[in-house]
Amino acid sequence: MHSSKKRYRVRKSGPLRGTVQVPGDKSIGHRSLIFGALGRGLSRITGLSEGLDNAATRQAFRSMGVGVGTHDGTTEVHGVGLRGLRMPSDVVDCGNSGTTMRLLAGLLSGQRFGTRMVGDASLTRRPMGRVIHPLRARGAHIAGTSGAKQDELYPPISIAPLVEGEALQGIEYAMPVASAQVKSALLLSGLYADGPTILEEPVLSRDHTERMMLSLGVPLQTAGASVVLDPNADWSGGWEPFEWHVPGDPSSAAFPLLAAAMVPGSQVSVEEVCVNPTRTGLFDWLRLIGADITHRPSGHGAGDEPMAEISVAHRSIRGSLAGGEIIVRMIDEIPAVCALAVTARGETEIRDAAELRVKESDRLATMAHVLESFGVSCDEHPDGMTVRGGAELHGATIDSHGDHRIAMSATLLGLLASGETVIEGAEAVDTSFPGFVELFRSLGADIKEETL
């Protein structure tokens, strides 16, 4: 599903200034498509990202008989109800999107037809046992594929149908690791179960699925890091169509905002950013280290998600420790935080981020190599990294390893480095941030994109 190969050429930039919008939040986009497809009739979604990840979810539902089209920036989803999906005529290709695969694993475990889900080379290396095992425990006929680690399961994923008279069971599950994808897969499968789904996380992960279910009238209760879905409660067994706006992705907003924090003289604002408290770890941490950050509320989006305009201006920041629950709320932004840490006084230490080793790349190892390539001193830890601020950066040639966040984080470093920075594999950015180069150029950055 990737576009043609691309390369970025980045040079040291003067102050970045302007007000921009970033693509819609991918996590909210995936879920908006899912709940639209399962609704009773025509739902309309604005602000949906045009990136390849949300496109994978859109195409998956088309293959199962759901009409999905886009007109004048509005995505129209012709929902078929909870029981209306059809068996796809071919494998469901999730591309590079782990969210598509994990959420659909839950949804498709409750169907009366079989499915096989595949992904690209990067997704095929990502672990799926964490979602397969609890789905099996509730009676799903789901299997993964053996791979690099002996006791782990990987894509492709095969799901056999539930036969007549068979249903998924209720489950009470203490999740070993906080994971919105696993939680969402179990809640989606819980819509088809014959008993309650009771989940407990060590700390609360992003709660977009719960917010959407509550706004649609699904019988759900939440308390801290616990959630209960009881499909036998008094409800209609479905929901009416909706009109939702997908807020801007805080993980994408991180790049122009951190660029402003890094480049002297800069001031950048991003409009309509999702400020769900489970996603604002980066913004909270920026305040902690002395960054000049302000936020102005701007209403609510899909599933009652709060939105705001976030502004960052450059000023001196101090190194700090980032660990514990704040890491869960900024896990996707850690590569960009590593880039920002280069400009801090003293050391920045990141801990409790071992999950980054099983993303599109091993983001800790890859980011350590990127920093060293620019002349930054850093130490890699099993669960994080220590970055020493104050280095004079020199241009470097960087391989993204097919990871969009690595490519964009290296771009931030290139804006400060003497000489030219070349980023290979930049096409990976299209998965989450189409228009990345155009947005940065509009702020005054010196970036050129080459199609190879």
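Residues numbered from 1 in each chain as written. Predicted model: local features only at pLDDT ≥ 70, side-chain atom pairs only at ≥ 80, totals over all residues. Heavy atoms only, no water.

1. Some words on the pairing of strand β16 (residues 292-301)
On a regular strand, one side chain projects to one face of the sheet and the next to the other, so that they alternate.
1) Next: Bridge count between β16 and strand β17 (residues 305-313): eight bridges; the pairing is antiparallel. Opposite His 300, over in β17, you have Pro 306 as the bridge partner.
2) Next: Connecting β16 to the next strand, β17, in antiparallel fashion are three residues, including Gly 303 with a positive phi near 60°. (Pairing = 2+ DSSP bridges. Helix = DSSP H or I, 4+ residues; strand = E, 2+ residues; numbered from the N terminus.)

2. Thoughts on the packing of aromatic side chains
The geometry of an aromatic ring pair is captured by the separation of the ring centres together with the interplanar angle, meaning the angle of the planes.
1) Next: Summed over the entire model, instances satisfying the criterion amount to six aromatic pairs.
2) Next: When the ring of Phe 255 is compared with that of Phe 436, the centres are 6.4 Å apart and the planes differ by 85°; the resulting orientation is edge-to-face. With a gap of 181 residues between them, Phe 255 in helix α8 (residues 250-262) and Phe 436 in helix α14 (residues 436-443) connect regions that are remote in the sequence. The two residues Phe 255 and Phe 436 agree in class, both being buried. (Phe/Tyr/Trp six-rings, centres within 6.5 Å; stacked < 30°, edge-to-face > 60°. Buried < 20%, exposed > 50% of the residue type's maximum accessible area, 1.4 Å probe, protein only.)

3. Re the environment of Pro 241
1) Next: By secondary structure assignment, the location of Pro 241 is in the loop between β13 (226-229) and β14 (243-245).
2) Next: In this structure, the C-alpha to C-alpha distance between Pro 241 and Gln 150, residues 91 residues apart in sequence, is 44 Å.
3) Next: Here Pro 241 is in contact with Arg 40, Gly 41, Leu 42 and Ser 43, once residues within four sequence places are set aside. (Contact = heavy atoms within 4.5 Å.)

4. Some thoughts on the sheet that holds strand β12 (residues 220-223)
1) Next: Here we have four strands laid out as an open sheet, ordered β10-β11-β13-β12, and mixed in their pairing. With one partner strand each, in any of the chains shown, β10 (171-174) and β12 form the two edges of the open sheet. On average, each strand axis in the sheet is tilted by 10° relative to the strand beside it, whichever way the strands run.
2) Next: Where strand β11 (residues 197-200) meets β13, four bridges bridge the pair, whose relative direction is antiparallel. In the strand pairing of β13, Ile 198 is matched with Val 228. (Axes fitted to C-alpha atoms, helices over the stretch in contact; angles between N-to-C directions.)

5. Focus on the environment of Leu 33
1) Next: Among the secondary structure elements, Leu 33 is positioned in helix α1 (residues 26-37).
2) Next: A sequence separation of 42 residues divides Leu 33 from Thr 75, and the C-alpha atoms of the two residues are 9.0 Å apart.
3) Next: In this structure Leu 33 touches Ile 45, Leu 48, Asn 54, Thr 57, Arg 58, Phe 61, Val 68, Thr 75 and Val 77, once residues within four positions along its chain are discounted.

6. Observations concerning the nonpolar core
1) Next: Formed by 80 residues in total, the largest nonpolar core has its most connected members in Leu 412, Leu 413, Leu 415 and Phe 440.
2) Next: If one sorts the elements of this core by residue count, α8 sits on top with nine residues.
3) Next: Setting aside residues up to four positions removed in sequence, Leu 412 forms contacts with Phe 255, Leu 258, Ala 259, Met 262, Ala 336, Ala 339 and Phe 440.
4) Next: Counting residues in hydrophobic clusters, the runner-up holds 62 residues, among them Val 92, Phe 113, Ala 185 and Leu 199. (Core = buried A, V, L, I, M, F, W, Y, C linked by side-chain atoms within 4.5 Å.)

7. Thoughts on the side chain of Lys 6
1) Next: One can find Lys 6 in strand β1 (residues 6-11).
2) Next: Judged by relative accessible area, Lys 6 falls into the buried class, the value being 14%.
3) Next: A polar contact is formed between the side chain of Lys 6 and the side chain of Asp 430, at a distance of 3.1 Å.
4) Next: Each residue touching Lys 6, except ones within four places of it in the same chain, is listed here: Ile 423, Glu 424, Gly 425, Ala 426, Glu 427, Asp 430, Glu 449, Glu 450, Thr 451 and Leu 452. (Polar contact = N/O pair within 3.5 Å; in protein donor to acceptor, adjacent residues only side chain to side chain.)

8. Some details on the packing of helix α2 (residues 52-63) against helix α3 (residues 98-108)
1) Next: It is at 10 Å that the axes of α2 and α3 come closest, and there the two elements cross at 30°. As judged from the angle between their axes, α2 and α3 are roughly parallel. Along the contact surface, α2 presents Asp 53, Ala 56, Thr 57, Ala 60 and Phe 61, while α3 presents Thr 100, Leu 104 and Leu 107.
2) Next: Its residues placed into classes, the contact of α2 with α3 shows five nonpolar, two polar and one charged. (Parallel < 35°, antiparallel > 145°, perpendicular 65-115°, else oblique. Nonpolar A, V, L, I, M, F, W, Y, C, P; charged D, E, K, R; others polar.)

9. Focus on unusual backbone geometry
1) Next: Backbone torsion omega between Pro 155 and Pro 156 reads -5°, so that peptide bond is classified as cis.
2) Next: One can find Pro 156 in strand β9 (residues 153-160).
3) Next: With phi around 55°, Glu 272 is a residue other than glycine that occupies positive phi space.
4) Next: Secondary-structure assignment places Glu 272 in strand β15 (residues 267-274).

10. As for the packing of α8 against helix α11 (residues 334-341)
1) Next: Where α8 contacts α11, the axes come no closer than 10 Å and their chain directions differ by 10°. By the criterion of interaxial angle, the relationship of α8 to α11 is roughly parallel. When α8 is examined against α11, the residues Phe 255, Leu 258, Ala 261 and Met 262 are found in contact with a partner set consisting of Ala 336, Val 337, Ala 339 and Leu 340.
2) Next: When its residues are assigned to classes, the contact of α8 with α11 shows eight nonpolar, no polar and no charged.

11. Focus on helix α7 (residues 208-215)
1) Next: Along α7, the residues classified as buried are His 208, Thr 209, Glu 210, Met 212 and Met 213.
2) Next: Phi turns positive, to about 90°, at Gly 217, one or two residues after α7.

12. Description of the sheet that holds strand β8 (residues 141-146)
1) Next: Spatial strand order, β6-β7-β9-β8: four strands in an open sheet with mixed pairing. Two strands lie at the open edges of the sheet, namely β6 (92-93) and β8, each paired on one side alone.
2) Next: Across the face of the sheet, helix α5 (residues 129-137) comes into contact with β8 and β9 while running at roughly 150° to β8.

13. Considering the pattern of salt bridges
1) Next: As enumerated under the stated definition, the model contains 33 salt bridges in all.
2) Next: Between Glu 450 and Arg 7 there is a salt bridge, and its shortest N-O distance comes to 3.1 Å. Here Arg 7 lies in strand β1 and Glu 450 lies in strand β24 (residues 446-451), a separation of 443 residues in the sequence.
3) Next: Among the ionic pairs, Arg 9 bridges to Glu 420, the shortest N-O distance being 2.8 Å. With a gap of 411 residues between them, Arg 9 in strand β1 and Glu 420 in strand β23 (residues 420-424) connect regions that are remote in the sequence.
4) Next: A relative accessible area of 24% means that Arg 9 is categorised as partly exposed.
5) Next: Put simply, Arg 7, Arg 9, Glu 420, Glu 424 and Glu 450 are held in one network by salt bridges that share partners. (Salt bridge = Lys/Arg side-chain N within 4 Å of Asp/Glu carboxyl O.)

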